Amino acid sequence: MAHRLAKAWPTPATATYPSRVRTLAPLVLLAACAPASTPRAPAPHATAHFDPKNLLAQTRRWMAVPRTLGHPERDRGIDALAQALADHGARVDRQPFDGIDPLTGAAYPLTNVFGSIRPEAPRQFVLATHYDIRPWAEEDADPAARDHPIPGANDGTSGVVVLLALLPALRDALPADVGFTVVFFDGEELGRPSEGGYCAGSRYFAAHVDDAPAPLRAAGFGIVLDMVGDADLRILREPNAEAQHPAMVDHVWQTAAARGVSAFVDAPSPVAIIDDHVYLSRAGIPSILLIDYEYPAWHTRADDIDRVSGESLATVADVVFAAVVTAPQ
């Protein structure tokens with residue numbers, strides 16, 4: 001998870017985007033819809049079951065795949081992510097770049113990974129998370145642990161697990177004229193509390209969006225997941241997203257309420273979060289963030305499998321799936 005830093009965004013009426021943004025109405029499934037828009041009825045097969053036990057098992061599996069910043073076998077972890085996307089029928093693209101530790105100046109070779117389903121479809125959207133694991137547990141109560149990596153069960157793995165579960169479910173449920181890209185951002189954790197530098201992957205993407213794969217350049221909206229596996233799950237409305245993309249936030253929270261999901265709390269978070277959704281929005285892809293930022297194990301060695309719930313992972317997957325397949329046109 002990125003730095004907990006409050007930032008005011010312009011209201012929707014005054015928000016501005018780069019000149020590359022085209023008229024969104026023909027493409028957007030939910031972001032630019034008028035309030036009176038009619039929800040799109042899902043196809044007859046537009047249902048999905050997300051098994052909590054399997055999702056927890058997948059969390060264990062991905063925790064064993066090297067993704068920690070600076071890990072000597074990290075390339076193997078990136079290859080595993082790319083292969084997982086390809087195994088679900090996605091076209092895989094990579095975006096390599098260098099990230100800099102703002103405290104030491106050390107360079108890290110980083111890679112954003114994109115998996116596109118139906119990249120030629122006329123309507124596109126993005127689901128994103130970060131896959132890198134923080135190499136410093138600077139919030140740990142034990143000073144001796146603060147220069148060691150966090151396990152990253154929730155922060156760095158939960159989003160990966162949910163998106164990999166959503167990919168085949170949405171692939172099979174959405175109509176042929178809708179495509180989407182799963183984005184695994186790198187370097188989200190390459191930042192320091194006193195120095196900034198977070199969200200390296202999405203910042204690089206936003207600065208080089210014209211070189212990104214075509215379906216991302218056509219994307220009408222994005223949903224970013226970060227720390228969505230907390231056993232005590234409480235996802236509040238993130239203020240940056242709500243100020244700039246209120247219709248999107250409303251649709252997701254209304255979807256959760258209709259499904260009786262109390263983990264999506266209908267109240268604003270007390271702090272605004274600078275996360276990958278900020279830079280996706282700046283790149284011209286209106287994006288919101290789903291995050292439980294009230295996580296006591298944040299950036300500590302306690303962020304381990306015992307803090308993650310398969311039920312929480314399944315809940316988030318179910319709400320995102322339902323929100324996308326019933327989105328207004």
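Residues numbered from 1 in each chain as written. Predicted model: local features only at pLDDT ≥ 70, side-chain atom pairs only at ≥ 80, totals over all residues. Heavy atoms only, no water.

Undergrad: What am I meant to see in the layout of surface pockets here?
TA: Gaps between atoms show up when a probe of the same size as a water molecule is rolled over them. In this structure, the second largest pocket encloses a volume near 230 Å³. When residues of the lining of the second largest pocket are traced back to their parent elements, those giving at least two are helix 1 (52-63), helix 2 (74-87) and helix 3 (158-173). Looking at the lining of the second largest pocket, the element that brings in the most residues is helix 1, giving five residues. In terms of residue class, the lining of the second largest pocket is built from eight nonpolar, four polar and three charged. (1 Å grid on protein atoms, 1.4 Å probe; cavity = no way out; pocket = protein on both sides within 12 Å on 5 of 7 lines; lining within 4 Å. Points joined across faces, edges and corners; volume = space filled by probe spheres on them. Helix = DSSP H or I, 4+ residues; strand = E, 2+ residues; numbered from the N terminus. Nonpolar A, V, L, I, M, F, W, Y, C, P; charged D, E, K, R; others polar.)

Undergrad: Teacher, can you tell me more about the pairing of strand 1 (residues 91-100) here?
TA: Across a regular strand the side chains alternate sides, sitting on one face of the sheet and then on the other. Taken together, the ten bridges between strand 1 and strand 2 (residues 107-117) define a ladder with antiparallel strand orientation. Bridge assignment links Phe97 to a residue of strand 2, and that residue is Leu110. (Pairing = 2+ DSSP bridges.)

Undergrad: Can you help me understand the packing of helix 1 against helix 9 (residues 310-325) in this one?
TA: In contact at an axis separation of 8 Å, helix 1 and helix 9 are set at 105 degrees when each is read in the N-to-C sense. Classed by the angle they form, the pair helix 1 and helix 9 counts as roughly perpendicular. Along the contact surface, helix 1 presents Pro52, Leu55, Leu56 and Thr59, while helix 9 presents Gly310, Glu311, Leu313 and Ala314. Within the contact of helix 1 with helix 9, the residues separate by chemical class into five nonpolar, two polar and one charged. (Axes fitted to C-alpha atoms, helices over the stretch in contact; angles between N-to-C directions. Parallel < 35°, antiparallel > 145°, perpendicular 65-115°, else oblique. Contact = heavy atoms within 4.5 Å.)

Undergrad: What's the story with unusual backbone geometry in this structure? I'm lost.
TA: Most of the time, phi is negative for any residue but glycine, and the peptide bond is trans. Of note in the backbone geometry, Arg118 takes a positive phi value of approximately 50 degrees without being a glycine. With respect to the helices, strands and loops of the structure, Arg118 is situated in the loop between strand 2 and strand 3 (123-130). With phi around 60 degrees, Cys199 is a residue other than glycine that occupies positive phi space. By relative accessible area, Cys199 is classed as buried at 0%. (Buried < 20%, exposed > 50% of the residue type's maximum accessible area, 1.4 Å probe, protein only.)

Undergrad: What is the right way to look at the environment of Val325 in this model?
TA: Residue position: Val325 is located in helix 9. Here Val325 falls in the buried class, since its relative accessible area comes to 3%. Separated by 278 residues in the primary sequence, Val325 and Thr47 place their C-alpha atoms 9.0 Å from one another.

Undergrad: In this structure, what is going on with the nonpolar core? I would like to understand it.
TA: Ranked by size, the top nonpolar core spans 60 residues in total, and within it Leu166, Leu170, Phe184 and Leu290 carry the most contacts. With eleven residues, the top contributor of residues to this core is helix 3. With near-sequence residues (within four places) excluded, Phe184 lies in contact with Leu81, Leu85, Thr111, Asn112, Val113, Thr129, Tyr131, Val160, Leu163 and Leu164. Of all hydrophobic cores here, the second largest spans 22 residues; its members include Val126, Val224, Tyr295 and Trp298. (Core = buried A, V, L, I, M, F, W, Y, C linked by side-chain atoms within 4.5 Å.)

Undergrad: Could you clarify how one ought to interpret the environment of Leu190 in this entry?
TA: Among the secondary structure elements, Leu190 is positioned in the loop between strand 4 (178-185) and helix 4 (200-207). Residues Leu190 and Tyr108 lie 82 residues apart in sequence; the distance between their C-alpha atoms is 8.8 Å. Sequence-distant contacts of Leu190, that is, excluding residues within four places in its chain, are made with Leu69, Gly99, Ile100, Asp101, Pro102, Tyr108, Leu110, Asp132, Trp136, Gly197 and Tyr198.

Undergrad: Could you clarify how one ought to interpret empty space enclosed by the protein in this entry?
TA: A complete count under the given rule lists one cavity of 30 Å³ or more for this structure. Taken as a whole, the largest cavity encloses approximately 40 Å³ of empty space. Lining the largest cavity are Arg234, Leu236, Glu238, Ser269, Val271, Ile273, Ile291 and Tyr293. Here the lining of the largest cavity is built from residues that sort into five nonpolar, one polar and two charged.

Undergrad: Where do I start with helix 4 in this structure?
TA: Structural remark: α-helix, 3.6 residues per turn; residues separated by three or four positions point the same way. Taken together, the buried positions of helix 4 are Ala200, Gly201, Ser202 and Phe205. Turning to helix 4, the residues buried within the fold contact strand 1, strand 2, strand 4, helix 5 (214-217) and helix 8 (276-282).

Undergrad: Please clarify how helix 2 should be interpreted in this entry.
TA: Between its first and last C-alpha atoms helix 2 spans 20 Å; for 14 residues at 1.5 Å apiece the expected length is 20 Å, and the two agree. Gly89 occupies a position one or two residues after helix 2 and carries a positive phi of about 90 degrees. (Expected span 1.5 Å × (residues − 1).)

Undergrad: Help me understand the packing of aromatic side chains in this model?
TA: Describing an aromatic ring pair means giving the distance of the ring centres and the angle of the ring planes. Counted under the stated rule, the structure contains seven aromatic pairs. Here Phe114 and Phe205 contribute two aromatic rings whose centre-to-centre distance is 6.1 Å and whose plane-to-plane angle is 55 degrees, an arrangement assigned as tilted. Highlighted residues: Phe114 in strand 2 and Phe205 in helix 4, separated in sequence by 91 residues. The same class applies to Phe114 as to Phe205, namely buried. Put simply, the rings of Phe114, Phe185 and Phe205 pair up and form one aromatic cluster. Above the ring of Trp136, the side-chain terminus of Arg192 is found at 3.6 Å from the ring centroid. (Phe/Tyr/Trp six-rings, centres within 6.5 Å; stacked < 30°, edge-to-face > 60°. Lys NZ or Arg CZ within 6 Å of the ring centre and 35° of its normal.)

Undergrad: I'm lost on the environment of Asp93 in this one. Help?
TA: Along the chain, Asp93 falls in strand 1. C-alpha separation for the pair Asp93 and Ala82, spaced eleven residues apart in sequence, amounts to 8.2 Å. Each residue touching Asp93, except ones within four places of it in the same chain, is listed here: Asn112, Val113, Phe114 and Pro213. A polar side-chain atom of Asp93 sits 3.3 Å from a polar atom in the side chain of Arg91. (Polar contact = N/O pair within 3.5 Å; in protein donor to acceptor, adjacent residues only side chain to side chain.)

These values are about where atoms sit, not about what they do.
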